[in-house]
Amino acid sequence: MKSRTAKFGIGQVVRHRKYPFRGVIYDVDPVFANTEEWWQAIPEEVRPHKDQPFYHLFAENAETEYVAYVSEQNLMPDTSGDPLRHPQVEEVFIRAPDGAYQVRSARLN
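What counts, and where the lines are drawn
- Along each chain, residues carry numbers from 1 onward, in the same order as the chain's sequence is written.
- The predicted origin of the model limits local features to residues at a pLDDT of at least 70 and limits the giving and counting of side-chain atom pairs to 80 or more, whereas totals for whole chains, interfaces and linings rest on all residues.
- With hydrogens and water excluded, all non-hydrogen atoms of the structure serve as input to the side-chain values.
- By nonpolar core is meant a set of buried Ala, Val, Leu, Ile, Met, Phe, Trp, Tyr and Cys residues that side-chain atoms within 4.5 Å join together.
- Under the scheme applied here, a residue whose accessible area is under 20% of the maximum for its type counts as buried, over 50% as exposed, and between as partly exposed, the area being computed with a 1.4 Å probe on protein chains only.
- Only runs of H or I of at least four residues qualify as helices and only runs of E of at least two qualify as strands under DSSP, and these elements are numbered from the N terminus.
- Contacts are assigned to residue pairs with any non-hydrogen atoms lying within 4.5 Å of each other.
- Identification of polar contacts relies on pairs of N or O atoms within 3.5 Å, with a donor-acceptor requirement for protein atoms, meaning one able to donate a hydrogen and the other able to accept it, and with residues adjacent in sequence counted only if both atoms are side-chain atoms.
- Side-chain rings of Phe, Tyr and Trp, where Trp is taken by its six-membered ring, are said to pair if the distance between their centres is within 6.5 Å; with planes under 30 degrees apart they count as stacked, over 60 as edge-to-face, and otherwise as tilted.
- Both a distance and an angle decide whether a charge sits over a ring: NZ of Lys or CZ of Arg must be within 6 Å of the ring centre and within 35 degrees of the ring normal.
- Two strands pair if DSSP finds at least two bridges between them.
- Where helices are involved, their axes are fitted lines through C-alpha atoms of the stretch in contact, as for all axes, and angles between N-to-C directions lie from 0 to 180°.

Visitor: Looking at this structure, I do not really get the nonpolar core. What am I missing?
Guide: Nonpolar side chains in soluble globular proteins tend to be buried together. If you look at the biggest cluster of nonpolar residues, it comprises 10 residues: F8, V14, F21, I25, Y55, L57, A59, A68, V70 and L75. Those elements that provide at least two residues to this core are β3 (54-60) and β4 (65-71). Considering every element that reaches this core, the biggest residue donor is β3, with 3 residues. Apart from the residues lying within four places of it in its own chain, the contact partners of F8 are V14, I25, V28, Y55, E72, L75, M76 and P77.

Visitor: Whenever I open this one, the environment of T35 confuses me. Can you help?
Guide: Summarising the element assignment, T35 is placed in the loop between β2 (22-29) and α1 (36-40). One polar contact links the side chain of T35 to the main-chain amide nitrogen of W38, over a distance of 3.0 Å.

Visitor: Looking at this structure, I do not really get the packing of aromatic side chains. What am I missing?
Guide: Where two aromatic rings form a pair, the distance of their centres and the angle of their planes describe that pair. Counted under the stated rule, the structure contains 9 aromatic pairs. Seen from their ring centres, F8 and Y55 are 5.6 Å apart, and the 70 degrees between their planes marks the pair as edge-to-face. Placement of F8 in the segment before β1 (13-16) and of Y55 in strand β3 is noted, with a sequence separation of 47 residues between them. When sorted by exposure, F8 lands in the same class as Y55, which is buried. Across the ring face of W39, the terminal group of R47 is positioned such that the distance to the ring centre comes to 4.7 Å.

Visitor: How should I be thinking about the sheet that holds β3 in this particular structure?
Guide: Backbone hydrogen bonds hold the strands of a sheet together, and the pairing may be parallel or antiparallel. Here 5 strands make up an open sheet; going across it, the order is β4-β3-β2-β1-β5 and the pairing antiparallel. Each edge of the open sheet carries a strand with a single partner, namely β4 and β5 (75-77). Adjacent strand axes in the sheet meet at a mean angle of 45 degrees when their direction is disregarded. Both β1 and β2 contribute to a ladder of 3 bridges, which runs antiparallel. Counterpart to V14 in the pairing with β2 is G23.

Visitor: Could you clarify how one ought to interpret the pairing of β4 in this entry?
Guide: In summary, the side chains of a regular strand alternate between the two faces of the sheet. Of the strand pairs in this sheet, β3 and β4 are connected by 7 bridges, and their pairing is antiparallel. The residue bridging A59 from the neighbouring strand is Y66, located in β4.

Visitor: Explanation requested: the pairing of β2 in the structure shown.
Guide: Once β1 ends, the chain turns through 5 residues before running back antiparallel as β2. When β2 meets β3, the two strands line up antiparallel, connected through 7 bridges. Residue pairing across strands places D27 opposite H56, the latter belonging to β3.

Visitor: Explain the side chain of H86 to me, please; I cannot follow it from the model alone.
Guide: With respect to the element layout, H86 can be found in the loop between β5 and α2 (89-92). Within the structure, H86 has its side chain in polar contact with the backbone oxygen of Y66 (distance 3.1 Å). Within polar-contact distance, the side chain of H86 engages the backbone nitrogen of Q88 at 3.1 Å. Dropping the residues within four chain positions of it, H86 is found in contact with F58, A59, E60, E65, Y66 and V67.

Now the structure itself:
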């Protein structure tokens, strides 16, 4: 498998191209790195290729918050500027005055 450079970065808010959810990226895999079972569970007609970046998101839709694993082809930037309500976002990120999410600095004891 040939990996590509990720189009999106840590802290970037994105939304899904087909499904009504959005989230902030907290990790990136250069190529698919989930289980074969997970991949096979996706209907074949919409199953993404494995040789692209996959993103770990603190995601949310109108009803709930959750963690999502999404291929690059299915994401686009979210330009709404709306803050995310996912409870883990504040554990990992600080929201800057311009609305961007920045990784919190590690605290040393």
